[in-house]
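Residue-level listing of the chains:
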Amino acid sequence: MIGRSGNPTLNEETFEKSGYYNNQETMTIGGTVNKSFMLLALLIGAAVISWVMFFNGYEVFPFMIGGAIGGFVLALIISFVPKAAPYLAPIYAILEGFFLGALSAHYEYLYYGITLQAALLTMCIFLGMLLAYKTGLIRATPGFKKGIIAATIGIALVYLFSMVLGLFGVTVPYLHDSTPIGIGISVVIIIIAALNFVLDFNFIEEGAQHGAPKYMEWYGSFGLLVTLVWLYIEIIRLLAKLANRD
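Rules and cut-offs
Residues numbered from 1 in each chain as written. Predicted model: local features only at pLDDT ≥ 70, side-chain atom pairs only at ≥ 80, totals over all residues. Heavy atoms only, no water. Helix = DSSP H or I, 4+ residues; strand = E, 2+ residues; numbered from the N terminus. Contact = heavy atoms within 4.5 Å. Areas by Shrake-Rupley, 256 points an atom, 1.4 Å probe, with all protein chains shown as cover. Core = buried A, V, L, I, M, F, W, Y, C linked by side-chain atoms within 4.5 Å. Buried < 20%, exposed > 50% of the residue type's maximum accessible area, 1.4 Å probe, protein only. Phe/Tyr/Trp six-rings, centres within 6.5 Å; stacked < 30°, edge-to-face > 60°. UniProt positions renumbered as here; feature names shortened; annotations may be inferred. Patch = residues over 30% accessible without salt bridge, like charges linked within 9 Å, V, L, I, M, F, W, Y side chains within 5 Å. Salt bridge = Lys/Arg side-chain N within 4 Å of Asp/Glu carboxyl O.

An unreviewed UniProt entry annotates the protein as Bax inhibitor-1/YccA family protein of Paenibacillus lautus.

Written out as structure tokens, the structure is:
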């Protein structure tokens, strides 16, 4: 059975619903990698636009909010309709780019140099997890998968709970604090986000082995981008917390 990914956009039911056994053109790891670079390029390009607008004095708040909401809606659609990934994943990448560019510019304005640090750390963690997976240092065993899935869902629920309480002016203790406990929570979340890459790699590898349809390359690259964006946001938030303690 195709392995399940902790990333909610990647799971074996997606392959089962796609009817991959009846497709002639199949998913490949190389094709998924190429499409991942394409999506990343679109994201970075959009991020540069909103970044430059911010430092040129333009109002980028609509870009940040519109990108976040639009990206979330598209992520839900792609998750439930994988066949839409070739058409919607590039748009998702652009919307997330606008969001991340504006968010990063805001953090950069407050803490000079933080964006480059966050980007480098994100890529280093990604490459480190890829190396750990390819060398077998970390294996996507059934128990490992269940643990990461449970932790990921738990984190999502905490953030959802925090957002709902925030509407009523209530703040979840420690989650956004620069205290040692708050920093510790961010570190744990970053570790869980990073470990999701292992499950994503395993999912894509087994999807290619089982002959998933060609359009699932877009779906797999979309799933990787979701994890990459999550990791970057968590890292830049952690760096901001550390900067606040200086």
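Having seen the structure, we can now continue with the description.
1. Brief notes about the overall build of the protein
Scanning the protein from terminus to terminus reveals 8 helices and 0 strands. Mapped in sequence order, the helices and strands of the protein form the string α-α-α-α-α-α-α-α. Looking at the protein alone, contacts between residues at least 24 apart form 85% of all its contacts between residues at least 6 apart. For the protein, the accessible area works out to roughly 12500 Å², and carbon and sulfur atoms hold 71% of it.

2. Quick word on the nonpolar core
Ranked by internal contacts, the top residues of the largest apolar core, which has 66 residues, are Ile 78, Phe 197 and Leu 225. When sequence neighbours within four positions are dropped, the list of residues in contact with Leu 225 reads Leu 39, Leu 40, Leu 43, Tyr 92 and Ala 93.

3. Digging into the packing of aromatic side chains
The way to describe two aromatic rings as a pair is by their centre distance and the angle between their planes. Applying the stated criterion to the full structure yields 10 aromatic pairs. On the basis of an interplanar angle of 70° and a centroid distance of 6.1 Å, the ring pair of Phe 54 and Tyr 109 is categorised as edge-to-face. Of the two residues, Phe 54 is situated in helix α2 (residues 29–55) and Tyr 109 in helix α4 (residues 85–110); the sequence distance between them amounts to 55 residues. With a relative accessible area of 59%, Tyr 109 lands in the exposed category. Taking 5.3 Å as the distance between ring centres and 70° as the angle between the ring planes, the aromatic pair formed by Phe 63 and Phe 98 counts as edge-to-face. Placement of Phe 63 in helix α3 (residues 61–80) and of Phe 98 in helix α4 is noted, with a sequence separation of 35 residues between them. An aromatic cluster is present here, built from Trp 51, Phe 54, Phe 55 and Tyr 109 joined pairwise through their rings.

4. Remarks on the UniProt feature "transmembrane region" (unreviewed entry) in the protein
As recorded in UniProt, the feature "transmembrane region" (unreviewed entry) lies at residues 37–54, 60–80, 87–105, 111–133, 153–175, 181–199 and 219–240. Segment residues 87–105 splits into 100% helix and 0% strand. End C-alpha atoms: 28 Å apart. Across residues 219–240, the secondary structure splits into 100% helix and 0% strand, with the terminal C-alpha atoms separated by 32 Å.

5. Considering a nonpolar patch on the surface
A cluster of nonpolar side chains, Phe 61, Ile 65, Ile 69, Phe 72, Val 73, Leu 76, Ile 77, Phe 80 and Val 81, forms an exposed patch at the surface whose accessible area comes to about 880 Å². Residue placement: Ile 77 occurs in helix α3.

6. Some remarks on the environment of Gly 45
You can see Gly 45 is positioned in helix α2. Each C-alpha atom of the pair Gly 45 and Gly 97 lies 7.1 Å from the other, and the pair is 52 residues apart in sequence.

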